[in-house]
Amino acid sequence: MGEQTKPSGHLVVTIGAGPAGIYGVRKLAEAGHEVVIINRDIKPGGLVEYGIYFNKHKLKEGVRIQFRKILADPRVRYLGHIKIGAQADLTLDELREILNPSAVVVACGAQGTKALGIPGDMTEGVYHAKDLVYYFNGLPEFRRRDFKIGERVAIIGVGNVMVDVAHWLVHEKKIKEVIAVARRGPAQRAYTDVEIQAVAANFDTTALREEIERVRPKLEAVGEDIEANYKDLTKHINTKSKEGESPTRMLFRFLSAPTEVVCDENGRLRALRVENTELVKRGESLSAKGTGEFYDVECDTVVFAIGDRVDETLGLPCTGVEYFKNPNPDPDNPGDESYQVFDPETGKVCTGLFVIGWSRQASDGVVGRAKLDGERGMAVVNRYLEKAAPGSAENLNEKIAALQEFLQSRGVRLVDYSDVRKLEAVEKQESQSRGVEFFKYFTDEEMLAAIDRAND
Ligand SMILES: Cc1cc2nc3c(=O)[nH]c(=O)nc-3n(C[C@H](O)[C@H](O)[C@H](O)COP(=O)(O)OP(=O)(O)OC[C@H]3O[C@@H](n4cnc5c(N)ncnc54)[C@H](O)[C@@H]3O)c2cc1C
Ligand SMILES: NC(=O)c1ccc[n+]([C@@H]2O[C@H](COP(=O)([O-])OP(=O)(O)OC[C@H]3O[C@@H](n4cnc5c(N)ncnc54)[C@H](OP(=O)(O)O)[C@@H]3O)[C@@H](O)[C@H]2O)c1
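Predicted model, so just to flag it, every value in this text is computed and none were measured. (Residues numbered from 1 in each chain as written. Chains lettered and ligands numbered in written order. Predicted model: local features only at pLDDT ≥ 70, side-chain atom pairs only at ≥ 80, totals over all residues. Heavy atoms only, no water.)

Further remarks concern the overall build of the protein chain. The number of helices and strands found in the protein chain is 14 helices and 17 strands. By the compact-globule yardstick of 23 Å for 456 residues, the protein chain fits well, its C-alpha radius of gyration being 24 Å. In terms of principal-axis extent, the alpha carbons of the protein chain reach across some 70 × 60 × 45 Å. Expressed as a percentage of the 456 residues in the protein chain, the buried residues total 51%. Looking at the protein chain alone, contacts between residues at least 24 apart form 72% of all its contacts between residues at least 6 apart. Accessible surface, the protein chain: about 21,100 Å² in total, of which carbon and sulfur atoms supply 48%. Looking at the protein chain, you have 62 positive and 71 negative side-chain charges, and the mean spots of the two groups are 3 Å apart. (Helix = DSSP H or I, 4+ residues; strand = E, 2+ residues; numbered from the N terminus. Rg over C-alpha atoms; globule rule 2.2 N^0.38 Å. Buried < 20%, exposed > 50% of the residue type's maximum accessible area, 1.4 Å probe, protein only. Contact = heavy atoms within 4.5 Å. Areas by Shrake-Rupley, 256 points an atom, 1.4 Å probe, with all protein chains shown as cover. Lys, Arg positive; Asp, Glu negative; His and termini not counted. Charge placed at Lys NZ, Arg CZ, Asp CG, Glu CD.)

The structure is reproduced here in structure tokens:
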């Protein structure tokens, strides 16, 4: 990996081993810094492991190969199965105290939940897409949960996450209906052509035509070409899914903003109440404005697929869906400020504390974008370290041993990268003996037992 630079004497701790963190640490190592990368999950990869749809084996394995090269670098030490946060295995302050690094980079993705706060949203049968996605991709904490999925599932939002959830409902659960609920029109959908092909054959085109006619006057009012819209929307309906046929009808409701989850007299979820909207120009884009008329989308399950927010329990100052970043432009390197954590109480930048990837901008883009953001962010860290006093990389083995001891006293078992490689080898062997393309354990206990077996 990369060129071998003279050791800088700096230790940098990165929290989170998703694409932003892993691709990012390569830039730190190349600059000669020692890196410790701490990760909540036993396995590295973040959403590559537990978000990208589980049957995209080639894509996932292609990225894993790159990750393996980076994590095998002797300047990078991976420590998994450690959750940082207020109620977690270790607080941010404890981590800093034990390892005493020159800088900490938060690359934890967007683990918080973005809620609309509408009445009824705590009803059984209302879920957040991320939780479901983590479930069907086998992230242990979520795999244990009991998701009650009915026959008519309304998904709020029309991005690629909606498509992934619909994909699972259509091809694995084979339920009666999936209803994608969009607050704006068909032309403002956020999903991509490549992804929708997984479920396009299940579009109910009669219902779709009716829905387009229902909203036609409002779309025409903002100059939209209805027939072009319809043609574009339905261009993949003849694409057969690789997973075969499914009886599920895929429906859409446009110009519909959720206002309430409605229950029957027994408290069972029976509908999603929405407000009709119209499109209004706001600068260059069109936004949804409620008309004051409401109707019910009949369903028994509701999934919010409206993006995520950062984890406010991590220990960084938080504003709405994101962490506070330096609001003052950096005069020397414009743009650097958006990677620097800021404390609104003191009105100062938190020295040596940075954010990258989805922790910097929640739910923003694909793996390639997270990679770019991780690399850009680490360039900011490298510039910061050029002016910082070195020395934090000294006695690193002792510091890591102290961290391990501290965690052990709390009953936490950390794993290192050699453990991950052993686990991967066991899972590979398991997939071969079962004759499946890919096999993975769904619990931490099974993963740790597999590592122990490999050690015997
Ligand atoms: C459902 C879904 C499907 C997607 N599919 C695709 C796709 O097919 N193709 C594509 O290119 N992009 C896809 N993306 C987008 C892509 O996954 C993201 O752009 C990318 O993973 C973001 O990277 P990240 O490193 O910022 O965060 P993440 O990937 O979320 O990684 C965060 C890491 O931080 C760790 N962590 C979290 N909290 C803590 C904590 N408190 N302490 C310690 N560690 C912590 C986690 O264990 C994780 O390893 C998908 C996204 C989603 C939500
Ligand atoms: N296969 C893949 O490549 C893949 C798979 C999954 C995810 N991803 C990527 O991951 C990122 C996140 O995806 P995402 O689907 O979570 O986000 P997204 O693409 O931003 O879509 C979010 C959807 O939720 C809607 N929404 C947001 N707030 C809402 C509200 N208050 N009320 C009603 N609707 C609301 C948005 O509508 P408005 O447009 O009206 O705001 C939009 O339709 C994206 O960049 C996506 O491409 C990629």
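On we go from here.
The subject of this paragraph is the site of ligand 1. In the vicinity of ligand 1 lie 32 residues, with Asn39, Asp41, Ile84, Trp358 and Gly365 positioned nearest. At 3.4 Å, a backbone N or O of Gly46 approaches an oxygen atom of ligand 1. Across the complex, the protein chains shield 93% of the 1,000 Å² of accessible surface that ligand 1 would expose by itself. Put simply, the parts of the chain that give the shell around ligand 1 at least two residues each are helix H1 (19-30), helix H7 (160-173) and helix H11 (367-386). When its residues are assigned to classes, the shell around ligand 1 shows 18 nonpolar, 9 polar and 5 charged. (Near = heavy atom within 4 Å. Polar contact = N/O pair within 3.5 Å; in protein donor to acceptor, adjacent residues only side chain to side chain. Nonpolar A, V, L, I, M, F, W, Y, C, P; charged D, E, K, R; others polar.)

Attention now moves to the sheet that holds strand S8 (residues 249-253). In a beta sheet, neighbouring strands are held together by backbone hydrogen bonds and run either parallel or antiparallel to one another. Reading across the sheet, the 5 strands line up as S5-S12-S6-S7-S8 and stay open at both edges, with parallel pairing between neighbours. Taken across any chain shown, the strands that pair with only one partner, and hence form the sheet edges, are strand S5 (126-128) and S8. The average undirected angle you get between the axes of adjacent strands in this sheet is 20°. Relative to strand S12 (residues 301-304), S5 runs parallel, the two being bridged by 3 bridges. (Pairing = 2+ DSSP bridges. Axes fitted to C-alpha atoms, helices over the stretch in contact; angles between N-to-C directions.)

Moving on to the site of ligand 2. The environment of ligand 2 is formed by 19 residues, the closest being Val158, Arg183, Arg184, Glu195 and Gly365. Contact distances for ligand 2 include 3.4 Å between an oxygen atom and a backbone N or O atom of Ala305. Residue Gly365 places a main-chain N or O atom 3.0 Å away from an oxygen atom belonging to ligand 2. In the complex, the protein chains occlude 77% of the 910 Å² of accessible area that ligand 2 would expose alone. Top contributing element to the shell around ligand 2 by residue count: H7, with 3 residues. Classifying every residue of the shell around ligand 2 gives 8 nonpolar, 6 polar and 5 charged.

A word on the sheet that holds strand S17 (residues 415-416). Strand order in the open sheet formed by 7 strands is S15-S16-S4-S1-S2-S3-S17, with mixed pairing between adjacent strands. Edge strands, defined here as strands with exactly one partner in the open sheet, are strand S15 (340-343) and S17. As paired elements, S15 and strand S16 (residues 348-355) share 3 bridges and run antiparallel to each other. Among the inter-strand pairings, Asp343 is bridged to a residue of S16, identified as Lys348.

For the rest of this paragraph, the subject is unusual backbone geometry. You will see that His81, though not glycine, has its phi angle at about 70°, which is positive. Within the fold, His81 resides in the loop between strand S3 (76-80) and helix H4 (92-99).

So, about the packing of H4 against helix H12 (residues 396-409). Running from N to C, H4 and H12 point in directions that differ by 140°, and their axes come no closer than 9 Å. As the angle between them shows, H4 and H12 are arranged oblique. Taking contact as the criterion, the partners of Glu94, Leu95, Ile98 and Leu99 in H4 are, on H12, Lys399, Ile400, Ala402, Leu403 and Phe406. Class assignment of the residues belonging to the contact of H4 with H12 gives a composition of 7 nonpolar, no polar and 2 charged. (Parallel < 35°, antiparallel > 145°, perpendicular 65-115°, else oblique.)

This structure, assessed with the given rule, holds 46 salt bridges. The closest approach of N and O atoms between Asp296 and Arg273, which form a salt bridge, is 2.7 Å. You can see Asp296 sitting in strand S11 (residues 285-298) and its partner Arg273 sitting in strand S10 (residues 269-282), a full 23 residues away along the chain. Asp452 is the partner of Arg413 in a salt bridge, and the nearest nitrogen-oxygen pair spans 2.9 Å. Here the residue Arg413 occupies a position in the loop between H12 and S17, and Asp452 occupies one in helix H14 (residues 444-455), the gap between them amounting to 39 residues. Taking the relative accessible area as the measure of exposure, Arg413 reaches 32% and is therefore partly exposed. Residues joined in a network through salt bridges with shared partners are Glu49, Glu61, Arg64, Arg68, Arg421, Glu424 and Lys440. (Salt bridge = Lys/Arg side-chain N within 4 Å of Asp/Glu carboxyl O.)

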